Structures are given as structure tokens and as C-alpha cells.
2 protein chains.
Amino acid sequence: MPLGLNENEIERVDELVDKRLKVARGETLFQSGDKFNALFAIRTGFFKTHISTEDGREQVTGFQMAGEVIGLDGIVSEQHTCNVVALEDAEVCVMPFDRIEELSRKITSLQRHFHKIMSREIVRENGVMLFLGSMNSEERVAVFLINLVKRLHLRGFSSSELILKMSREDISSYLGMRLETVGRSFKKMIAEGILEVNGRHVRIINLNALTDLTLLK
Amino acid sequence: MPLGLNENEIERVDELVDKRLKVARGETLFQSGDKFNALFAIRTGFFKTHISTEDGREQVTGFQMAGEVIGLDGIVSEQHTCNVVALEDAEVCVMPFDRIEELSRKITSLQRHFHKIMSREIVRENGVMLFLGSMNSEERVAVFLINLVKRLHLRGFSSSELILKMSREDISSYLGMRLETVGRSFKKMIAEGILEVNGRHVRIINLNALTDLTLLK
DNA sequence: CGCGTCATTGATGTGCATCAAGTGGTGTGG
DNA sequence: CCACACCACTTGATGCACATCAATGACGCG
């Protein structure tokens, strides 16, 4: 957690963490209906969140990586409303919510930090609504890749190369399209010399062109 | 604000409100890029929030009514990222964010309440992602109407009749479709005896059938 | 190695966008 | 007070982007 805290405060933030939890690839961290007690900060690994309705519909709502926080959906009704699955072996910090609230009453900067995390999630979802509501398939794929590589770059990874931890199906659900269409969008971008794709290995050859794809011409 | 507070605490919550603000129909409460200082609780009236990109794309991200809170998007970067427009003459309570944080350090139940408001917004947006990503046009319209009438009913209005404060265009943007398609969905539901529609006046004849439309058959 | 999962590719169908014209209600000014 | 313009909405005709269906290919892993 990157904060503006002094030494003493950092120690106290450690109090937030009840324990660490390992989640193996494919395992569920929590699911819809589970009682909400804690938020989870990802130490390592990669997750997807998705919601499912009684009638069998599924929608992937996001992909989360190290440093991001999961579980915010559970606060409102003290019960989770989405499912979280590890897409690779992962480790999370369990932060009991009572403790978060207690400590953020004492440490102003922590309080502010936590509020920003929630707000960031709201803004992120606004962005998802934007592409789901008003972009064609190729634009969606471009937005998706750019966002992913940007976040990975912030974590010290390459800004032009990435390994997709999720399946085409997960991507397509997140982007509101069919997996075949995701594949064909890739194909088109490859033909245009924008990408190289090998299974889940993606290399961005021309980031500018990719960015241009997200823009209305 | 419906809280679990004692008398004394309720008085202190009044401290949250700096002032009231009237917003005339068509006016903008705040827009993307504006400095964030405060949240706004709607006392009366009806708003839409939307985001716009540099390239001219627009997406309506929500409709808000009395008792709901606007401005949560601004917390993360101390700057708003969406636009809020009154769809009818409205009045809001301006709650400086500093004061919210300060007071929620002192009043536990207020703190919890505020966190729930943010979490509720996250869950709401998850629901929007669901229908944007995985429902056809008729299902979207059905979800939209049911949600709207339910919220109005909670506020003492009819559970079967409503006046749409927003245009077909606003609806269509929110639902990720074209205004013509919204109209045609209405038409179909009218033909099936589910709705009566007269301009912006909508009467739900058969709520069960409308609900069924939102379900995968 | 062999099976199952995941991805690619092609052929066909369709839901919704797009384009275009028409309707009705409302406000304005001559 | 009517004529006109304007706006929000409706209705119809057409086309296309993407879904759907189906078959094959390529891993990755047990």
C-alpha cells in the first residue's frame, strides 16, 4: 500500500492485516452470497471478478493484479455479490473490515487512502461502461490491451509485451462480445502490424496505432 | 439520510451540509475536470451522470434521484471525471468532503453509512456492466424500467406508473443502444400488453411479464 | 502419450445500427 | 391566432457488425 505515512503509522497499518492467504490457480477467494468480513489486498497473482445471475448469465467485471484491493462490493449489504477466482497462484492479505474502519478513524491518511481506493473502482467501472456502451469490438480489445499493459508497466513489467492470464472466453465476457470476435480482432490487428499474438503471449508492436484504434476517426 | 443515529448524532450530521443548492432543469451541477470538494445529496429532483471522451463519445452512466449521492467519482484524483446534469429542477445538499471525513472519524455509524454508499455504487455499476455486456435490447429496457419503478416506489410513488424524466436518447445511451431501438422495444412490449407508453408517461401493466423478459428463457 | 481444454478459422444468420422520412406537440413571432 | 420552425419521437427500409454454428488445430497437463 503506497501511502503518505510516517514510520510509526506504517507499523500500525500492518495491524490491518490479519493474515496472509494463498489462493491456488483456479480457486475461488470468495463468491456471491458469502458473508463479508474483510477486504483483500493482492500481494501476488492475478484474479478475475465476475457476477452470475440465477438464470445462468455471467459477466466478468474485472481483472485484478498485485496491489489492488478486492471485496469492496461486500460492504453495502455485508455480503458479497460477486465471485473472485485466481487466474494464477496468488497470495492476498486479509484485512478485516472492522479493523480498517477502526484504524482509519485514527489515521487520517489511511482514511483518505481507503476512500480513494473505493472511488477509483467507481471511476474504473465508469470506463468499462463507456466501452461496453459505445465502442465496437476492435476498439474494446484495444482499450483492454492498453489498460492491461499500462497497469503491468506500473508494476515493473514490459510496456510492450504481456502474458494474458485469462482465457479468450474471460476476455470476451469482460468486453461484452464472443470469444471468436476477440480472436478476429486480434487477427486484424496482427494483419495491420500492430500486434504479435501467440496464444496468450501478446506483443504490442505499435502502441500509437493501438491507441488510435480506441479513438473515433 | 436514513441512519441508525441518536438525536445528538443527527444534529451533528447536519453539520455535514454546508449549504443547499438549487439546480435548474438542464443545468450542470459539475462536470469533468472540475475540482472536487464536496459530495452532493439530492434533496429533490432528478439527475443524469455521463462521461464524455475527447473524441466526442458520450455514455450516460446513471440516473439519480432524491436521497442518492453524487460526486463519488471525484475523490480519487480530487477532480471530477463525469458530468452531472439536472433533468428537472432540483435541490442538493452540498457536503464538503473534508467535513465528511472528519465527522466520520467521530461517528462510527456515519462512517459505516458512507462506506456503504460507495459500495452500493460499485455494486450498481456491476449490474450495469451485466446488462451492457450480456443482454439484448429488450432485456435492457426491461431491466431499466424495473429498476426505475422500484426506486420510485421506495420513495412513495406508484409501483406501476412513472414519468420518464430523461429523453429516449439518454435512455439509449445508458443502455448502450440507439434511441430507435429503445422505441421499438417499447413498441414490442406494448404489443404484448406489458406496457402502456405515451411519450414519457409509462404504465406497467404486467410487471411479472416484464420481469420475465429480463430472464434467460 | 492421449485426452481435454483452449484457440483458430470459416460459413451462415440475425439483431441492431444506420439512414431517411414522417408525425405530433410546443413555443414563437408576424 | 395561425403559420412556421423546432424538437422529441416514431416508423420503415436496408445493410453490416457481430453472433452463432461447426469443424479443425494446438497446446498443456495429468
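These figures come from a predicted structure and were not determined experimentally.

Chemist: Where do I start with the environment of Phe97(B) in this structure?
Modeler: Summarising the element assignment, Phe97(B) is placed in helix α2 (residues 97-106). Since its relative accessible area comes to 2%, Phe97(B) is described here as buried. When the C-alpha atoms of Phe97(B) and Leu72(B) are compared, they prove to be 9.8 Å apart, with 25 residues separating the residues in sequence. Leaving out residues up to four positions away in the same chain, Phe97(B) has contacts with Arg112(A), His115(A), Phe36(B), Asn37(B), Ala38(B), Leu39(B), Ile75(B) and Phe114(B).

Chemist: Help me understand the sheet that holds strand β1 (residues 19-23) of chain A in this model?
Modeler: What holds strands together in a sheet is hydrogen bonding between their backbones, with the strands either parallel or antiparallel. All names here are of chain A. Reading across from one edge, β1-β8-β3-β6 is the order of the four strands in this open sheet, with antiparallel pairing throughout. The sheet terminates laterally at β1 and β6 (69-70), the two strands that pair on one side only. In this sheet, strand β8 (residues 90-96) lies alongside strand β3 (residues 38-44) in antiparallel orientation, the contact comprising six bridges. Along β8, the bridge assignment pairs Ile 42 with Val 92. Each of β3 and β8 is contacted by helix α2 (residues 97-106), which is oriented at about 60 degrees to β8, the strand it contacts most.

Chemist: How should I be thinking about the relation of the copies chain A and chain B in this particular structure?
Modeler: One copy of the chain maps onto the other through a rotation about an axis followed by a shift along the same axis. Its rotation angle being 180 degrees, the transformation that places chain A on chain B also includes 0.0 Å of axial translation and leaves an RMSD of 0.0 Å. The superposition operator between the copies reduces to a two-fold rotation axis. Taking C-alpha positions as the reference, the residue of chain A nearest the rotation axis is Arg105(A), at 2.2 Å. Here 100% of the interface residues in chain A have copies in chain B that are interface residues too; the copies meet face to matching face.

Chemist: I would appreciate a short explanation of the protein's contact with DNA strand C in the present structure.
Modeler: Around DNA strand C there are 14 residues in total, and Arg168(A), Arg184(A), Asn136(B), Ser137(B) and Thr181(B) lie nearest to it. Near the protein, within 4 Å, the atoms of DNA strand C are sugar or phosphate in 69% of cases. One of the backbone nitrogen or oxygen atoms of Arg168(A) is found 2.9 Å away from a phosphate oxygen of DNA strand C. At 3.0 Å, a side-chain N or O of Glu180(B) approaches a base nitrogen of DNA strand C. Considering only residue class, the surface near DNA strand C consists of one nonpolar, five polar and eight charged.

Chemist: Explanation requested: the sheet that holds strand β11 (residues 201-204) of chain A in the structure shown.
Modeler: Residue and element names in this part refer to chain A. In spatial order, the strands read β9-β11-β10; together these three strands make up an open sheet with antiparallel pairing. The sheet terminates laterally at β9 (161-163) and β10 (195-198), the two strands that pair on one side only. The sheet shows a mean angle of 15 degrees between the axes of neighbouring strands, taken without regard to direction. With three bridges joining them, β9 and β11 adopt antiparallel strand pairing. Bridging from a neighbouring strand, Leu 162 pairs with Val 202 of β11.

Chemist: Would you take a moment to explain the protein's contact with DNA strand D for this structure?
Modeler: Taken together, the neighbourhood of DNA strand D is formed by 15 residues, with Ser137(A), Thr181(A), Arg168(B), Arg184(B) and Arg200(B) sitting nearest. Here a phosphate oxygen of DNA strand D sits 3.3 Å away from a polar atom, N or O, in the side chain of Arg178(A). Take Arg200(B): an N or O atom from its side chain is 2.9 Å from a phosphate oxygen of DNA strand D. Taken together, the elements giving at least two residues each to the surface near DNA strand D come down to α6 (179-191) of chain A together with α6 (179-191) of chain B. The dominant element in the surface near DNA strand D, judged by the number of residues it contributes, is α6(B), at four residues. Residue classes in the surface near DNA strand D are distributed as one nonpolar, six polar and eight charged.

Chemist: Is there a simple way to think about α6(A) in this case?
Modeler: Every α-helix winds through 3.6 residues per turn, so residues three or four apart in the chain are directed the same way. Between the first and last C-alpha of α6(A) there are 19 Å, a value that for 13 residues agrees with the 18 Å anticipated at 1.5 Å per step. Where α6(A) ends, the next residue or the one after it, Gly193(A), has phi of about 75 degrees, a positive value.

Chemist: In this structure, what is going on with the pairing of strand β10 (residues 195-198) of chain B? I would like to understand it.
Modeler: Look at any regular strand and the pattern is simple: side chains alternate between the two faces of the sheet. Residues and elements named next belong to chain B. Across four bridges, the pairing between β10 and strand β11 (residues 201-204) is antiparallel. When the bridges of β11 are listed, Val 197 appears paired with Val 202. Hairpin connection, β10 to β11: the antiparallel pair is bridged by two residues, and Gly 199 has positive phi, about 65 degrees.

Chemist: What is the right way to look at the domain arrangement of chain A in this model?
Modeler: Think of interface size as the accessible area that goes away when the parts come together; that is how it is often given. Residues and elements named next belong to chain A. Assigned domains of chain A: these are domain 1 (7-130) and domain 2 (135-213). Summarising the inter-unit geometry, the C-alpha centres of domain 1 and domain 2 are found 25 Å apart. The interface of domain 1 with domain 2 comprises 17 residues on the first partner and 12 residues on the second. Summed over both sides, the interface between domain 1 and domain 2 buries roughly 1,300 Å², with carbon and sulfur atoms accounting for 56% of that surface. Connecting domain 1 to domain 2 are four salt bridges. When the shortest N-O distance is used, the salt bridge between Glu 68 and Arg 151 registers 3.0 Å. Applying the counting rule to domain 1 against domain 2 returns seven residue pairs in polar contact (both at pLDDT 80 or more). Looking at the side of domain 1 that touches domain 2, the elements that each hand over two or more residues are β4 (46-52), β5 (58-65) and α3 (108-134). Examining the composition of the side of domain 1 that touches domain 2, we find that eight residues originate from one element, β5, more than from any other.

Rules of the game
- Every residue gets a number counted from 1 within its own chain, in the order that chain's sequence is written.
- Following the order in which they are written, the chains are lettered starting with A and the ligands numbered starting with 1.
- A pLDDT threshold of at least 70 governs which residues receive local features in this predicted model, and a stricter bar of 80 or more applies before side-chain atom pairs are shown or counted, although totals over entire chains, interfaces and linings include all residues.
- Hydrogens and water molecules were not included; the side-chain quantities draw on all heavy atoms of the structure.
- Strands here are runs of E lasting at least two residues and helices are runs of H or I lasting at least four, both read from the DSSP assignment and numbered beginning at the N terminus.
- Each residue gets one of three labels from its accessible area relative to the maximum for its type: buried under 20%, exposed over 50%, partly exposed in between, using a 1.4 Å probe on protein chains only.
- Contacts are assigned to residue pairs that have any heavy atoms within 4.5 Å of one another.
- Two strands make a pair as long as DSSP finds a minimum of two bridges between them.
- Lines fitted to C-alpha atoms define the axes here, with helix axes fitted over just the stretch in contact, and angles between the N-to-C directions of these axes take values from 0 to 180 degrees.
- The copies were overlaid with a least-squares fit restricted to C-alpha atoms from residues scoring a pLDDT of at least 70 in each copy.
- The criterion for a residue being near a molecule or strand is simple. One of its heavy atoms has to lie within 4 Å of it.
- Counting of polar contacts relies on pairs of N or O atoms within 3.5 Å, with two restrictions inside protein: one atom must be capable of donating a hydrogen and the other of accepting it, and residues adjacent in sequence are counted only when both atoms are side-chain atoms.
- In the scheme used here, Gly and all other residues not listed as nonpolar or charged are polar, with Ala, Val, Leu, Ile, Met, Phe, Trp, Tyr, Cys and Pro taken as nonpolar and Asp, Glu, Lys and Arg as charged.
- What a helix should span is 1.5 Å times the count of its residues minus one.
- Residue ranges assigned to the domains are those given by an automatic or database domain assignment.
- Summed over both partners, the accessible area (1.4 Å probe) lost when two parts come together is defined as the buried area.
- Salt bridge, as used here, is a side-chain nitrogen of Lys or Arg placed within 4 Å of a carboxyl oxygen of Asp or Glu.

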